[in-house]
Amino acid sequence: MAETVSPITRQVTKEDQETWTPSIDIRLEDVEDCLVYDRHGVSIPFKKLYQDRKSVIIFVRNFLCYSCKEYVDDLSKIPREALEDADIKLVVIGQSAYHHIESFCLLTGYPHDMYVDPARCIYQKLGMKREETFTDSAHASPHVKSGLIMGQMKSIWRAMTSPLFDFQGDLHQQGAAIIAGPGSHVHFAHFDTNRLDHMPINWLLQLAGVQQTLDFSDKPNIIHV
């Protein structure tokens, strides 16, 4: 039986920031014309998301992934005013069909911009990982509260009860976090190595210029899945 991953609820400290994986080099020019789709199926070039101002762009594994769902749960707690004061856009990108965006936003309470890259054009061209790698030195996401077994059970149940029964993306695809813009300038980029390798949200916001520090240590709301 797989070992259950213990819940992690600690806050991100300065020491965490100094020891996390450094930024990697990527070229947004290689993916700027890839199309992403909104909840209505309307497509725009990827570059539209960061061309005019700095954006924090989160690529999630798939919308059924329990760790991605809990990470977006915490992203939903970011006040719109905190982003507006720093003139920053927050964007989540998945790899499902666009039909799943609405239900995922309702499930997580996520109020900010969300798009999908169903062809995985950006995922592939930027070289995001497609298999999971776990190491002793890896940092687990401070935003994932469910253990492995319970989390997977939640994912399976959501797949079975979804009106559109599919896996909502490639199950092996890993995600990423990018801070970019205005233009094609990349301030920071991190490619996840596994489902728990998310960048701490407070650190991303601080790197992007948000002054407010948020508290994610409260007990998560009970959501029936």
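Residues numbered from 1 in each chain as written. Predicted model: local features only at pLDDT ≥ 70, side-chain atom pairs only at ≥ 80, totals over all residues. Heavy atoms only, no water.

### Details of the overall build of the chain
- Looking only at helices and strands, one finds seven helices and seven strands in the chain.
- Along its sequence from the N terminus, the chain presents helices and strands in the succession α-β-β-β-α-α-β-α-β-α-α-β-β-α.
- Going through the 225 residues of the chain one by one, you find that 48% of them count as buried.
- Accessible area of the chain: about 11100 Å², with a carbon and sulfur share of 54%. (Helix = DSSP H or I, 4+ residues; strand = E, 2+ residues; numbered from the N terminus. Buried < 20%, exposed > 50% of the residue type's maximum accessible area, 1.4 Å probe, protein only. Areas by Shrake-Rupley, 256 points an atom, 1.4 Å probe, with all protein chains shown as cover.)

### Examining the packing of aromatic side chains
- Tallied over the full model, the rule gives five aromatic pairs.
- A ring pair is formed by Phe46 and Phe59, whose centres lie 6.0 Å apart and whose planes are at 55°; its orientation type is tilted. Of this pair, Phe46 sits in the loop between strand S2 (43-45) and strand S3 (55-59) while Phe59 is found in strand S3, placing the two residues 13 residues apart along the sequence. Both residues of the pair, Phe46 and Phe59, count as buried.
- Ring centres of Phe59 and Tyr123 lie 5.3 Å apart, and the angle between their planes is 80°; on these two criteria the pair is classed as edge-to-face. Placement of Phe59 in strand S3 and of Tyr123 in helix H5 (residues 121-126) is noted, with a sequence separation of 64 residues between them.
- An aromatic cluster is present here, built from Phe46, Tyr50, Phe59 and Tyr123 joined pairwise through their rings. (Phe/Tyr/Trp six-rings, centres within 6.5 Å; stacked < 30°, edge-to-face > 60°.)

### Looking at helix H7 (residues 201-208)
- The buried fraction of H7 is high, at six of eight residues.
- Those residues of H7 not exposed but buried are Ile201, Asn202, Trp203, Leu204, Leu205 and Ala208.

### Some points on the nonpolar core
- Membership of the largest hydrophobic core comes to 33 residues, with the highest contact counts inside it found for Ile58, Leu75, Ile78, Leu90, Tyr110, Met114 and Leu204.
- Taken together, the elements giving at least two residues each to this core come down to S3, helix H2 (66-75), helix H3 (80-85), strand S4 (89-94), helix H4 (100-108), strand S5 (113-116), strand S6 (176-180) and H7.
- Ranked by residue count, the leading element in this core is H7, at five residues.
- Once you skip the residues sitting within four places of it in the chain, Met114 turns out to touch Tyr37, Asp38, Phe63, Val72, Val92, Ile101, Phe104 and Cys105.
- If you look at the next biggest cluster of nonpolar residues, it comprises 23 residues, including Ile57, Phe59, Ile122 and Ala189. (Core = buried A, V, L, I, M, F, W, Y, C linked by side-chain atoms within 4.5 Å. Contact = heavy atoms within 4.5 Å.)

### Some remarks on the confidence of the model for the chain
- In the predicted model, the chain carries a mean pLDDT of 79, and 71% of its residues have values of at least 70.
- Confidence drops under a pLDDT of 50 for residues 1-19, and excluding neighbours within four residues, the segment shows 36 contacts in the predicted structure. (pLDDT = per-residue confidence, 0-100.)

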